[in-house]
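Here are the chains, one letter per residue:
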Amino acid sequence: MNLKITCIPGDGIGPEIVAEAKKVVEKAGEIYGFTPDFTDILMGGASIDVHGVPLTDEAIATAKAADAVLMGSIGGNTTTSPWYKLPPDKRPEAGLLKIRKALNLFANLRPALLYEELAAACPLKEEISKAGFDIMIMRELTGGLYFGERKTYEENGLRTAMDTLTYNEEEIRRIAIKGFEIARKRKKKVTSVDKANVLDSSRLWRVVVEEVAKDYPDVTLEHMLVDNCAMQLVKDPAQFDVILTENMFGDILSDEASMVTGSIGMLASASLNDTKFGLYEPSHGSAPDIAGMDIANPIATILSAAMMLRFSFDQDKAADAIEAAVKQVLKDGYRTGDIMSQGYTKVGCSKMGSLIAERIR
Ligand code: IPM
Ligand code: MG
């Protein structure tokens, strides 16, 4: 069986980490009886350098023709890279926003969990971290402030700028349904995060989430204001199961949650639409400062590839095997620089990929 996968190596450490994920998927395919059929496309700075735009229509068509997209990372140093001298809609990030919208990837799943083997890297006090945590952030990805009307203009002689935050009930309902469905397979709790004490869009969010909750009587729903949630994530992260929230809040909270795990280099993510199609990428950025040095941690991308095999290709056994291989490599004492501590064996990006591939059973 052939799995049609479009790859976006992207910028910074992207090409290195995607190469390792491909290595691991190929090995899993040998054992579990599938052949990945990879096609690369350019996006972000890599595409700007060649085509002058961060994503071409041909690249989108290639992505659409596949069954899943595996991405590394895009973007460069925002103060020094020439990409950031371009107008906003020509910069690397515009490519990412364009592909999310073009493929209707409205549901962004960002797991933030504490790896037992890496508990020492967690920046929380031990009395808090000892409870452990395993949070799934469900971020709405194609609406809100990111895609609302915006403009910069002059009013009364003052430079003025405006961004708008709009949600309709259908956009809220479809992400809420995904959130409850996922919670059902986990600890059956949804924390819906909003700013309903101030924003109309949040008040509608709350009403629609309540309506959806009626179809999931087995799942507990609670509402939490976003500022309180930011605080609770460092005070008592064990209270959360699924965090369901809109685009901008999800962007901010998911970075916070990943930092709280202490191992952002380990965290995968999936962006899904209504079909089996998905885009899978690590939660971290392109780390331009360490690009090309073979020291990046490829694990988040490898785990994203495992999510891809599970969600888009129903290859649950291969996904389990990859996740087990990652655990095993950590047990065996191998670490990349970002998760290194005393007494372990430090390895580079490609070595880490090979060690994981070797451990797939
Ligand atoms: C993310 C990133 C993007 C976002 C940027 C690169 C546009 O921060 O995936 O979280 O804000 O969505
Ligand atoms: Mg972000």
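This part covers the sheet that holds strand 3 (residues 68-73). Read across the sheet, ten strands follow the order 2-1-3-12-11-4-5-10-8-9 without closing on themselves; strand pairing throughout is mixed. The open sheet has two edge strands with one neighbour each: strand 2 (35-40) and strand 9 (220-225). Going from strand to strand, the sheet's axes swing by 25° on average, the running direction of each strand aside. As paired elements, strand 3 and strand 12 (residues 278-282) share three bridges and run parallel to each other.

In this section: the side chain of Glu 20. Considering the arrangement of structural elements, one finds Glu 20 in helix 1 (residues 14-32). Glu 20 gets classed as buried once you look at its relative accessible area, which sits at 6%. In this structure, Glu 20 is in contact with Pro 298, Ile 302, Cys 349, Ser 350, Gly 353 and Ser 354, ignoring residues within four places of it in sequence.

All right, on to helix 4 (residues 92-102) then. For helix 4, the full list of buried residues reads Pro 92, Ala 94, Gly 95, Leu 96, Ile 99 and Arg 100. In the stretch just after helix 4, Asn 104 is the one whose phi turns positive, near 55°.

Attention now goes to helix 11 (residues 316-331). The end-to-end C-alpha distance of helix 11 is 22 Å, a good match for the 22 Å that 16 residues give at a rise of 1.5 Å each. Buried residues of helix 11: Ala 318, Ala 319, Ala 321, Ile 322, Ala 325, Val 326, Val 329 and Leu 330, and no others. Structurally, helix 11 contributes buried residues whose contacts are with helix 1, helix 10 (299-311), strand 13 (334-335) and helix 12 (349-358). Gly 333 sits one or two residues past helix 11 and shows a positive phi near 95°.

Inspection of the entire model under this criterion finds 21 salt bridges. We note a salt bridge from Asp 57 to Lys 98, for which the minimum N-O separation is 3.6 Å. Taken together, the residues Asp 57 in helix 3 (residues 57-65) and Lys 98 in helix 4 connect sequence positions 41 residues apart. When its relative accessible area of 54% is taken as the criterion, Asp 57 is described as exposed. What makes Lys 98 partly exposed here is its relative accessible area of 36%. Overlapping salt bridges bring together Arg 310, Asp 316, Asp 320 and Glu 323 as one network.

Around ligand 1 sit Glu 93, Arg 100, Arg 110, Arg 139, Tyr 146 and Asp 251, and that is every residue in its neighbourhood. Here Tyr 146 contributes a side-chain N or O atom positioned 2.6 Å from an oxygen atom of ligand 1. With the chains in place, 73% of the 320 Å² that ligand 1 exposes on its own is no longer accessible. Looking at the shell around ligand 1, its residues break down into one nonpolar, no polar and five charged.

To continue, consider the packing of aromatic side chains. A full pass over the atoms with the stated rule returns two aromatic pairs. For the pair Tyr 167 and Trp 205, a centre-to-centre distance of 5.7 Å together with 70° between the ring planes defines the contact as edge-to-face. On the criterion of sequence distance, the pair formed by Tyr 167 in the loop between strand 7 (158-163) and helix 6 (169-184) and Trp 205 in helix 7 (residues 200-213) is long-range, its members being 38 residues apart. Seen from their ring centres, Phe 180 and Tyr 216 are 5.2 Å apart, and the 20° between their planes marks the pair as stacked.

Here we take up the domain arrangement of the protein. Its domain assignment divides the protein into domain 1 (1-114 + 267-361) and domain 2 (123-260). Its C-alpha centre places domain 1 at a distance of 24 Å from the equivalent point of domain 2. Taken together, the contacts link 18 residues of domain 1 with 21 residues of domain 2. Both faces considered, domain 1 and domain 2 share a buried interface measuring about 2000 Å² in area, 64% of it formed by carbon and sulfur atoms. Among the residues domain 1 hides against domain 2, the three largest losses belong to Phe 106, Arg 110 and Leu 114. Together they make up 33% of the total. Our count for the contact surface shared by domain 1 and domain 2 stands at zero salt bridges. The interface formed by domain 1 and domain 2 includes nine residue pairs in polar contact (both at pLDDT 80 or more).

Let us look at the side chain of Thr 245. Here Thr 245 shows up in strand 10 (residues 242-245). A distance of 3.0 Å separates a polar side-chain atom of Thr 245 from the backbone oxygen of Val 193. Once residues within four sequence positions are removed from consideration, Thr 245 is found in contact with Met 138, Arg 139, Glu 140, Val 193, Trp 205 and Gly 250.

Of note, the phi angle at Ala 287 is positive, near 40°, even though the residue is not glycine. Positionally, Ala 287 belongs in the loop between strand 12 and helix 10. Using a relative accessible area of 23% as the deciding quantity, one classes Ala 287 as partly exposed. Even without glycine at this site, Asp 314 takes up a positive phi of about 55°. Within the element layout of this structure, Asp 314 appears in the loop between helix 10 and helix 11.

What counts as what
Residues numbered from 1 in each chain as written. Chains lettered and ligands numbered in written order. Predicted model: local features only at pLDDT ≥ 70, side-chain atom pairs only at ≥ 80, totals over all residues. Heavy atoms only, no water. Pairing = 2+ DSSP bridges. Helix = DSSP H or I, 4+ residues; strand = E, 2+ residues; numbered from the N terminus. Axes fitted to C-alpha atoms, helices over the stretch in contact; angles between N-to-C directions. Buried < 20%, exposed > 50% of the residue type's maximum accessible area, 1.4 Å probe, protein only. Contact = heavy atoms within 4.5 Å. Expected span 1.5 Å × (residues − 1). Salt bridge = Lys/Arg side-chain N within 4 Å of Asp/Glu carboxyl O. Near = heavy atom within 4 Å. Polar contact = N/O pair within 3.5 Å; in protein donor to acceptor, adjacent residues only side chain to side chain. Areas by Shrake-Rupley, 256 points an atom, 1.4 Å probe, with all protein chains shown as cover. Nonpolar A, V, L, I, M, F, W, Y, C, P; charged D, E, K, R; others polar. Phe/Tyr/Trp six-rings, centres within 6.5 Å; stacked < 30°, edge-to-face > 60°. Domains from an automatic or database assignment. Buried area = accessible area lost by both parts, 1.4 Å probe.

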